[in-house]
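Chain residues, written in single-letter form:
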Amino acid sequence: MRIFENTNYNLVGSRKRGYAVSGILLLLSLGAILIRGLEIGIDFRGGMEFVVESDEILEVTEVRAVLTPVLETSPEIKTYSDVGAEGQDALLIRTASEGETSEVQMLIIQGISDAFPDSNPRVIKTDIVGPRFAEDLKRGSFYAVLGSLLVIFLYVMLRFEWRFGLGAVAALFHDVLITLGVFSLLQGIMPFSMQIDQAIIAAFLTIVGYSLNDTVVIFDRIREYTNLFKTEPYKTVVNRSVNTTLSRTFVTSGTTLLVVATLFMFGGEVLRGFSFALIIGIIIGTYSSVFVATPVVVELYNRSGSAKKAGQR
Amino acid sequence: MQGNGFKVGAVVFFLALSAWYLFPSLQGISLNNRLEEMGQEERTDYERENYSRIESIKEKSLNLGLDLQGGMHTTMEVGLRELLVQLAAERRDDAFDQVLATADERSQEEGISLIDAFVEEFERRDPDARLSRYFRSETITRRSDNADVTDYLRTQGTDAIERAMQVIRNRVDRYGVTEPSIQTQGSRRIVVELPGIDDPERVRRLLKGTARLEFRLMADPGELNSSLQRIINYYEVDVAAESDSVEVPAEEDIAEEADTSFDVSQLLAETEGLDDVGNPLLDVLIPAGQGSVVFGEVSVQDTATFNMLMADPDVQAMLPRDIELLYDANPSGTGGAEYYPVLAVNMNAELTGDVITDARSDFDQTTNQPLVDMEMNSEGARVWSRLTGANVGKNVAIVLDRVVYSYPTVIGQISGGRSQITGLASQEESDDIVTVLKSGALPAPVEIVEERTVGPSLGIVARRSGFMSLLVGLSIVALFMIVYYRGGGMVADLALLINIIFILGILAGFNATLTLPGIAGIVLTIGMAVDANVLIFERVREEQSTGKTLKASIDGGYGKALSAIVDANITTFFVGIILYSFGVGPIQGFAVTLMAGILASLFSAIVFTRIIFDYVVIGRRGIVNFG
């Protein structure tokens, strides 16, 4: 079976269309992030999360009404699927309370069992992050993201030339920003937690790695063809490179998307936000290798190339 | 084919190595299955007979993370701030407190060591000031320079963390957890991982308990009573004055009256008569009657409000000299309507826990209530005997970590240094107190800054979903490869299988822990692992389409794809390294499998598949169809 065999799309020629699409996506994402903001998880702002399992199905709104006076603050409550022994749903209760864990846990259990006597609530999972620890996690993640981008830029600069480095990093920013935008737009709409936490940062860095992987394969071919077809115009060489690697680009994206979708479906609640970020990131990352990273290289080449010619005359 | 001897050797070697490391895990799985089939009795017998073998299998098996088997993960921070305060002791002054507060803030914001921040902040404030003003020891005198003192403080800091770790290890060992892990993280944190914990609340108490046991005298009932009425009046006046200033003379009357004779019910009646505003203190406190060391009772929900009302410096000044209020460990009433007695005890302890030489959990012979029996050393026994002798008829409070467990009335002098803690809720509690008393006191208070617990049932669900995604992901990709690349795809699938054996082998070999994010990493690598083969196969197809022979095409495909494969994987590997060094816990698990996956897939795709193609195409002159 073969797909995209011997294609000859004028991908470089239609890069303006790509710019328009990317531009709109970026604007939408930036707008969403600025207006709707991002939901920050307890990893980075501190707080407590309890997953409470019960014998009867509890309504989110009712439980919130019961717990608000008890905790003296309105907790965020979501359903937490497929955890119970019989497959029934549990509730994820998130509160910013800074009291003793045992005390808050007792208040929650007491509050629920007082209001719903037959529910027999029990805590099956807790995540507690103190403000000080959250601060450290935030700092760690910041350095991780910054460090990755820097290392990647340096590596691509060393192995290729500066234009490719810039192209790759531009594509990475593009991918991460749009994925963040999708998170900002869909938060609260999707039935699972889309908060930015440690796992999401890991997902972003994986997206960065993946998108780069994709980009590097195209760059590698451009490097090879530039030496092979010296007489042809740069644009044609780049276009041929993108076309010959197109089949590989789709096959690899396809297999990776398949496994990530598997994770999304079967990996359970804990991995849902993480795998969702990967799904979005891989789609955007594949697109950006062809329509962002490569065109940036072409544009940069055109500019510095024409400057050189002007200098010679 | 001759040139492949080394490659074949490498594949066989790594496969054997992985099998060697994975063998105990397989044994462990079959052992578990066998144990589950056995009856209870048979099982206990079997476990006893094969104890050392079972332990060795468990130790060498691939570790499962707490998210996959259930358990508790806590990160604790040793209170270096409190340690500095303790070290400075009575030499501490306002300047010290200010420097410490700024340093604490800075160390949090910038993530630097508190001791370094303290020294820097101190020297910035006054470059000529000497740290030895605050700290003394055998080696530190008034003349010691700041560098020496800094070294001394650093040593004290690391010592405190080491001691805290030892104490926590003792406590965990006494509690009895299979395969606990206790490690330091950075300069002031201790990470404790306890698999299979079913009572996190109890563990929390056990880990945090500083076990500061104190024997303290209590307030004089008469004095306490007049303070109580003064404080009630203070709030009375306060509220009434705000609501209506005309009634001030009447307030004074009451205050005077209250000063001489005190009766709560009378005061309450008069209060109601005056206005409906009420007394904020009496809203939360049920005052105790006369002649008691009890200040009053506070409902569970109101403790925060009560603490806030009592924190007022003016109110503090109204308490009898050197007296502070502490809560009783045991509430009266049950089920939501619990009231905690507030007790007035001396600020200074007559005796502390250091004199305790032995502690034992026991039951009261008449009431059958749990209690802790303690024995003191000779020094403690002497003080205890003098203390009880001089205070017959009065109460002695037995205070553990600033909570009063009991305050028995002294009936007669006690010699021999025996004492008891009563008023315990359960035998569990008495056992835990014994554990904490016997494993030594923590050098400085510890705080739980992060905690994650996963119940055992949830662990099973996570294990199942992790395994499921692995299986489904693997099958889908394998199927796709065969459909798309035919014969080549089959070879790639074989490589994929070997790849997974390698990843698990690497994890077992490096004693890494497999977590749910780790499984996600493996699943993700499956998708990306075939990429190397995809790159090669696409190249082979390109070469074939130019009319080259199969052998030449395979040669060309491998040769030309190599640079792209290496470049693409190295960058992802870098990301793995960075994730590993900055991430914690589960993220590190993900990073480890991601890196292991990249190494394994590079090897299996470049070396292993090449051997197969060489063998089939060159060795046997066979044909491989690349679809």
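In this complex, chain A contributes 68 residues to the contact, which on the side of chain B involves 68 residues. For the pair chain A and chain B, the summed buried area comes to about 6,300 Å², and 61% of that belongs to carbon and sulfur atoms. Counting across the chain A and chain B interface gives 11 salt bridges. Residues glutamate 100 of chain A and lysine 208 of chain B are paired through a salt bridge, measuring 2.9 Å at the closest nitrogen-oxygen approach. On the surface where chain A and chain B come into contact, there are 20 residue pairs in polar contact (both at pLDDT 80 or more). Where the side of chain A that touches chain B is concerned, the elements lending two or more residues are α4 (101-115), β4 (122-129), α5 (131-159), α7 (198-228), α8 (234-266) and α9 (272-312) of chain A. Take the side of chain A that touches chain B: its biggest share by element is 16 residues, from α7 of chain A. Among the residues forming the side of chain A that touches chain B, the class breakdown is 32 nonpolar, 20 polar and 16 charged.

Residue and element names in this part refer to chain B. Between helix α5 (residues 80-88) and helix α6 (residues 94-110), whose axes approach to 11 Å, the crossing angle comes to 160°. By the angle class used here, α5 and α6 are roughly antiparallel. The element α5 and its partner α6 pack so that their crossing is right-handed. Where α5 approaches α6, its residues Arg81, Leu84, Val85 and Ala88 are matched on the opposing element by Phe96, Leu100, Ala101 and Asp104.

Taken together, the side chains of Arg130, Arg136, Arg142 and Arg143 of chain B define a basic patch exposed on the protein surface. Taking the relative accessible area as the measure of exposure, arginine 130 of chain B reaches 41% and is therefore partly exposed.

Here the focus is the sheet that holds strand β15 (residues 418-421) of chain B. All names here are of chain B. Sheet architecture is open: three strands sit in the order β11-β12-β15, paired in antiparallel fashion. The open sheet has two edge strands, β11 (356-363) and β15, and neither has a second partner. Each neighbouring strand pair of the sheet contributes to a mean axis angle of 25°, computed without reference to strand direction. By the bridge criterion, four bridges tie strand β12 (residues 370-376) to β15 in an arrangement that is antiparallel. Each bridged residue has a counterpart across the sheet, and for glutamate 375 the counterpart in β15 is arginine 418.

This part is about the domain arrangement of chain A. Residues and elements named next belong to chain A. According to the domain assignment, chain A consists of domain 1 (15-40 + 134-308) and domain 2 (47-129). Just the C-alpha atoms count here: the centres of domain 1 and domain 2 sit 38 Å apart. Contact with domain 1, which involves 10 residues of that partner, is made by 10 residues of domain 2. Roughly 670 Å² of surface becomes buried between domain 1 and domain 2 when both sides are summed, with 44% attributable to carbon and sulfur atoms. The largest share of the area that domain 1 buries against domain 2 comes from Ser193, Gln195 and Glu269, three residues that together contribute 52% of it. Our count for the domain 1 to domain 2 interface comes out at zero salt bridges.

Pairs can form between side chains of opposite charge whenever their charged atoms are close. Per the stated rule, a full pass over the model turns up 51 salt bridges over all chains. The residue glutamate 542 of chain B makes a salt bridge to arginine 221 of chain A at a minimum N-O spacing of 3.0 Å. Of this pair, glutamate 542 of chain B sits in helix α20 (residues 516-545) while arginine 221 of chain A sits in helix α7, which puts the two residues in different chains. Arginine 221 of chain A shares its class with glutamate 542 of chain B; the two are buried. Among the ionic pairs, lysine 548 of chain B bridges to glutamate 543 of chain B, the shortest N-O distance being 2.6 Å. The network of salt bridges with common partners includes Arg132, Asp136 and Arg139 of chain A together with Glu77, Arg81, Asp104, Arg188 and Arg189 of chain B.

Another point: the pairing of strand β9 (residues 339-346) of chain B. Every regular strand shows the same layout, with side chains that alternate between the two sheet faces. All names here are of chain B. The buried count for β9 comes to six of eight residues, which makes it a mostly enclosed element. When strand β8 (residues 323-327) meets β9, the two strands line up antiparallel, connected through five bridges. Within β9, the residue paired with isoleucine 323 across the bridge is asparagine 346.

For the rest of this paragraph, the subject is the pairing of β11 of chain B. Residue and element names in this part refer to chain B. Bridging between β11 and β12 involves seven bridges; their strand directions are antiparallel. Its bridge partner being in β12, arginine 360 is matched across the sheet by aspartate 373. Linking β11 to β12, which pair antiparallel, is a turn of six residues; within it asparagine 368 sits at a positive phi near 65°.

Before going further, it helps to spend a moment on the packing of helix α1 (residues 5-37) of chain B against helix α2 (residues 40-49) of chain B. All names here are of chain B. At a closest axis distance of 8 Å, the pairing of α1 and α2 adopts a crossing angle of 145°. Residues Leu31, Arg34 and Leu35 of α1 form the contact with α2, whose participating residues are Arg43, Tyr46 and Glu47. When its residues are assigned to classes, the contact of α1 with α2 shows three nonpolar, no polar and three charged.

Right, let's get into the sheet that holds strand β1 (residues 47-53) of chain A. An order of β2(A)-β3(A)-β1(A)-β4(A)-β16(B)-β2(B)-β4(B)-β3(B) is seen for the eight strands of this open sheet, with the pairing classed as antiparallel. Sheet topology places β2 (76-80) of chain A together with β3 (181-185) of chain B at the edges, where each strand pairs with a single neighbour. Direction aside, the axes of adjacent strands within the sheet are offset by 20° on average. Relative to strand β16 (residues 446-454) of chain B, strand β2 (residues 71-78) of chain B runs antiparallel, the two being bridged by eight bridges. Paired with glycine 71 of chain B across the bridge in β16 of chain B is valine 454 of chain B. Relative to β2 of chain A, helix α3 (residues 60-71) of chain A is tilted by about 140°, and along the sheet it contacts β2 and β3 (90-95) of chain A.

What follows is about the environment of proline 121 of chain A. Residue and element names in this part refer to chain A. Relative to the assigned elements, proline 121 resides in the loop between α4 and β4. Sequence separation of proline 121 and aspartate 55 is 66 residues, and the distance between their C-alpha atoms is 7.0 Å. The residues touching proline 121, leaving out its near neighbours within four places in the chain, are Val52, Glu53, Ser54, Ile109, Ile112 and Ser113.

Reading guide: rules and limits
Residues numbered from 1 in each chain as written. Chains lettered and ligands numbered in written order. Predicted model: local features only at pLDDT ≥ 70, side-chain atom pairs only at ≥ 80, totals over all residues. Heavy atoms only, no water. Contact = heavy atoms within 4.5 Å. Buried area = accessible area lost by both parts, 1.4 Å probe. Salt bridge = Lys/Arg side-chain N within 4 Å of Asp/Glu carboxyl O. Polar contact = N/O pair within 3.5 Å; in protein donor to acceptor, adjacent residues only side chain to side chain. Helix = DSSP H or I, 4+ residues; strand = E, 2+ residues; numbered from the N terminus. Nonpolar A, V, L, I, M, F, W, Y, C, P; charged D, E, K, R; others polar. Axes fitted to C-alpha atoms, helices over the stretch in contact; angles between N-to-C directions. Parallel < 35°, antiparallel > 145°, perpendicular 65-115°, else oblique. Left-handed = near helix turned anticlockwise from the far one by under 90°. Patch = residues over 30% accessible without salt bridge, like charges linked within 9 Å, V, L, I, M, F, W, Y side chains within 5 Å. Areas by Shrake-Rupley, 256 points an atom, 1.4 Å probe, with all protein chains shown as cover. Lys, Arg positive; Asp, Glu negative; His and termini not counted. Charge placed at Lys NZ, Arg CZ, Asp CG, Glu CD. Buried < 20%, exposed > 50% of the residue type's maximum accessible area, 1.4 Å probe, protein only. Pairing = 2+ DSSP bridges. Domains from an automatic or database assignment.

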